Amino acid sequence: MITMLLHLAPFVVVRSGVMLVGSLLLFARFTCIGSQHVATVTNPLPAAFSDLLPHFLVEPDDVYIVKNKPVTLTCRSTPATQIYFKCNGEWVHQDDHLIERTVDPATGLPVMQVKIDISRQQVEKIFGLEDYWCQCVAWSTTGTQKSQKAYVRIAYLRKNFEEEPLGKEVALDQEVLLRCQPPEGVPTAEVEWLRNEELIEPTNDPNYFITVDHNLIIKQARLADTGNYTCVAKNIVARRKSSSATITVYVDGGWSEWSKWSACGADCTMWRSRECSQPTPGTGGKDCQGVDLQSQNCTSELCPQTVSGPEDVALYVGIVAVALCLTLLLIVVVLVYRRKKEGLDADVADSSILTTGFQPVGIKPTKPENSHLLTIQPDLTTTTSSYQGSLRSRHEAASKFSVTNGPLLDPLPNSSHTLHNGKLPSDPADFMNRLSTQTYFKTLPRDTASTSYGTFNFLGGRLTLPNTGISLLIPPEAIPRGKIYEIYLTVQRKEDVRLPLAGCQTLLSPIVSCGPPGVVLTRPVILSMNHCSDANPENWAMRLKKQSYEGTWEDVLQVGEELPSDPYYCQLEAETCRVFTEHLGRFALVGESLSMVAAKRLKLVLFAPVYCSTLEYSIRVYCMDDTQDALKEVMQMEKQLGGRLIDEPQVLLFKDSYHNLRLSIHDMPRAHWRSKLMAGYQEIPFYHIWSGCQHSLHCTFTLERLSLNTCELTCQLCVWQVEGEGQSFSIDLNIAKDSRPLDSDFLVLDNSAPALAGPSAFQIPYLIRQKICGSLDAPCPHGADWRLLAQRLKLERHLSFFASKASPTSVILDLWEAQHFHSGTLNQLAAVMAEIGKQEAMIFLVTDGEC
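A short tour of the structure in this document, coming up. Here the structure is a predicted model, which means the values were calculated and not measured.

Another point: the pattern of salt bridges. Within the structure shown, the criterion is met by 25 salt bridges. One salt bridge connects glutamate 192 with lysine 234, and the closest N-O pair in it is separated by 3.4 Å. With glutamate 192 in strand S20 (residues 190-195) and lysine 234 in strand S24 (residues 227-234), the pair connects residues that are 42 residues apart, well separated along the chain. Glutamate 192 sits in the buried class, given a relative accessible area of 17%.

The next thing to look at is the sheet that holds strand S6 (residues 55-58). Spatial strand order, S6-S8-S12-S11: four strands in an open sheet with antiparallel pairing. Where the open sheet ends on each side, the last strands, each with one partner, are S6 and strand S11 (98-103). For this sheet, the mean inter-axis angle between neighbouring strands, taken without regard to orientation, is 25 degrees. Here S6 runs beside strand S8 (residues 71-78); their pairing, made up of three bridges, is antiparallel. Bridge pairing in S8 links histidine 55 to threonine 78.

Right, let's talk about the packing of helix H7 (residues 766-776) against helix H10 (residues 808-819) for a bit. Any two packed helices are characterised by the angle at which their axes cross and by the distance between the axes. Running from amino to carboxyl end, H7 crosses H10 at an angle of 130 degrees, the nearest separation of the two axes being 8 Å. By the criterion of interaxial angle, the relationship of H7 to H10 is oblique. Of the two possible hands of crossing, H7 and H10 adopt the one that is right-handed. Contact residues: Arg769, Ile772, Cys773 and Leu776 in H7; Thr809, Ser810, Leu813 and Asp814 in H10. For the contact of H7 with H10, the class distribution of residues is four nonpolar, two polar and two charged.

A word on unusual backbone geometry. Residue proline 79 is reached from threonine 78 by a cis peptide bond, and omega for that bond is -20 degrees. By the secondary structure assignment, proline 79 is in the loop between S8 and strand S9 (82-87). Within the chain, asparagine 467 stands out as a residue other than glycine whose phi angle is a positive 65 degrees. If you check the backbone angles, glutamate 723 has positive phi at about 60 degrees while not being a glycine. Positionally, glutamate 723 belongs in the loop between strand S49 (712-721) and strand S50 (726-734). Using a relative accessible area of 72% as the deciding quantity, one classes glutamate 723 as exposed.

Looking now at the state of the cysteines. Applying the stated rule across the entire model yields four disulfides. Between the sulfur of cysteine 75 and that of cysteine 136 lies a disulfide, 2.0 Å long from S to S. Its S-S torsion of about 50 degrees marks the bond between cysteine 75 and cysteine 136 as right-handed, since a negative value means left-handed. Separated by 61 residues along the polypeptide, cysteine 75 in strand S8 and cysteine 136 in strand S13 (residues 132-139) bring together distant segments of the chain. Looking at cysteine 75, the relative accessible area reads 0%, which means it is buried. For cysteine 136, a relative accessible area of 0% translates into the label buried. At a sulfur-sulfur separation of 2.0 Å, the disulfide partner of cysteine 180 is cysteine 231. Handedness here is read from the sign of the S-S torsion; for cysteine 180 and cysteine 231, about -70 degrees, the answer is left-handed. Taken as a pair, cysteine 180 in the loop between strand S18 (176-178) and strand S19 (185-186) and cysteine 231 in strand S24 lie far apart in primary sequence, 51 residues in all.

Attention now moves to helix H11 (residues 826-835). Every buried residue of H11 is accounted for by Leu826, Leu829, Ala830, Val832 and Met833. For H11, the arc enclosing every buried residue in end-on projection is 160 degrees, short of the 170-degree limit, so these residues lie on one face. Buried residues along H11 sit against H7, helix H8 (786-792) and H10. Directly after H11, the chain includes glycine 837, whose backbone phi takes a positive value near 80 degrees.

Conventions used here
Residues numbered from 1 in each chain as written. Predicted model: local features only at pLDDT ≥ 70, side-chain atom pairs only at ≥ 80, totals over all residues. Heavy atoms only, no water. Salt bridge = Lys/Arg side-chain N within 4 Å of Asp/Glu carboxyl O. Helix = DSSP H or I, 4+ residues; strand = E, 2+ residues; numbered from the N terminus. Buried < 20%, exposed > 50% of the residue type's maximum accessible area, 1.4 Å probe, protein only. Pairing = 2+ DSSP bridges. Axes fitted to C-alpha atoms, helices over the stretch in contact; angles between N-to-C directions. Parallel < 35°, antiparallel > 145°, perpendicular 65-115°, else oblique. Left-handed = near helix turned anticlockwise from the far one by under 90°. Contact = heavy atoms within 4.5 Å. Nonpolar A, V, L, I, M, F, W, Y, C, P; charged D, E, K, R; others polar. Disulfide = S-S within 2.5 Å. Arc of directions from axis to C-beta.

Limitation: the analysis is restricted to geometry and does not speak to function.
Here it is, written out as structure tokens:
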């Protein structure tokens, strides 16, 4: 033992036997001798190694607390005089350390190992959403070293699966997809599949394939694949089983080859047969269709041959005459049918454009005689008002789009191509229920409130999801003439679709599906959806992602680097992204920040109960992406919870600075109210917000009034990003009398129809649109053509894109329709036309009386 005399300099602090000298921590035993203090260093380093920094032989690793069993963190370092743990920024008490000292026999250096135990109660005491972490700090006479951080998390596995497999009957050799989304858990659950309680090993049977999303694919169904399939999720806490899904593989019967003809019998007939045995129908499969026995007249020595008499000749002549009459009748029917088919498109155009084309926007046009050709709601249960023309069935549409791994479009059941007179079906969910029976569409939401659909022809139309900022514009001539498509538009719930994000990527838009995929379009449609970026292209690398049939997400476009030849093109506005595409599918806009000043807009919304009969009163603060669909989702949820808005929503710019979001409440009248919050603020981790994938992210402030007679509440609620922007709410309300409705004046409601077809979907009448295109498409030496129109509408950035189209003017007018459906008027466009010297603008100014 070495005894040292230490003069107490101002920077030397002695506490409980611990002496801190700068960054050096020495445990010493002190004895007062006059004005000096004697410190005995318990474990000094040999002089030869006194200038070495400690390095770690063992660092603490991430651990999980299972149920109530404590976990142990271990740290070992050499050469080290002391090692201490620090957890969530605070030093662990020295009495909680278990210390073991040894000497490395090879080097002679002292080795120190320290262990601490962490209990579930310690982790749960950490307030807010931050993870519990610990790291150890090792000292030597030369300096200190810090280990890596070890995160301590409470392990769990919820009971309910987010999505369970569903049973089905499948044909032999058909591809089968069984979906499974395991319960939420920490650590994330591993998934395996059982068939009849036996583990499925894809390595042993390549006919099985388990996707990265835990779905099971049977590549080609075999009879042996019939059975009960179960999805199993497990982690260190528990093992959960989904409900079993019964897969029945059926076999439709096939006919064998015909046998040889039999000998000609005495009745001048010979026979042949076949059997339903290749294969034999099984497991509920269909029997063979057709006859299994066939006969034919013949002659042989056993069959007496006779000479045809006059009565036979008369019979033959009669048969020939009947055949000729039937042939002539068939020819007449075909000619009439073709004439009707050729005149259909012209009839539709004349009966729609001339009666509704000059009606001003906002006035519902009178229904023409053939109005059933322009309405869009399909009635799939009747056969009245059928479209008389060349129709391509959904099965034919599927043949135009082939995918290696399975059929993309199968025929929908009960698919009569009928357009009813604008009436909604008795069950609006019928369309989505039928669509979701197909493999590709099973992830479509069944909630009809988030889905719009309609039936469209070459006149085009528009689908809108009210109060979401999401719409699909189908321009005239986008659908080939003679075709009718049943098209849908829906917004996906974030928890239903797993969108992989990496690095600094964040979801900037809702996930929107339009389809069905594979339909043939002759020009781009325009998909409009909100985004929540600060719209500063210098700070972002934005990409449009599209989900493939196999479920993987692919980058199909980088905003700002589009090529005119690309199948996708994007117009990015302050709050809206508009995508031009001829390929329908599932889309999302993802951004990757290029600097820490990149910011996304958050909408902050406050809710409280409509009625409160207890002493407790809760205020919920939602922090969501600033998109209309996110706000609508929260409004619908709060309506079910019985909540109401208590202040005007505000917008906060949330930067990619890795700093968390903090929320606090202040200035409450303490004589009447108190907060049950134990800390000064609540905190939401940065990544929970930045990813954009969290569902209805919010914090709750629970307040308590000291008397039931207290109804007036005044306070300040602050929300800010650490070292960033902030917003505050001044709350002043009477919790008993405030009766503001949920949809108060804070929201701009969209009352437009979910689906519009034909001229009613557009502001520019069809004939006038054609006239403008004919006038501006041709290059003009004075520049008064489509290029000047694009400049006047501030669309000059897209000149190369417009120039790549057969009719640049038509694409410009499509974009104008998409931008100004709710806010624009024809007079605005007429003024632009007048500026570029085109007299066609005067047509827009026709009054109602003149129409």
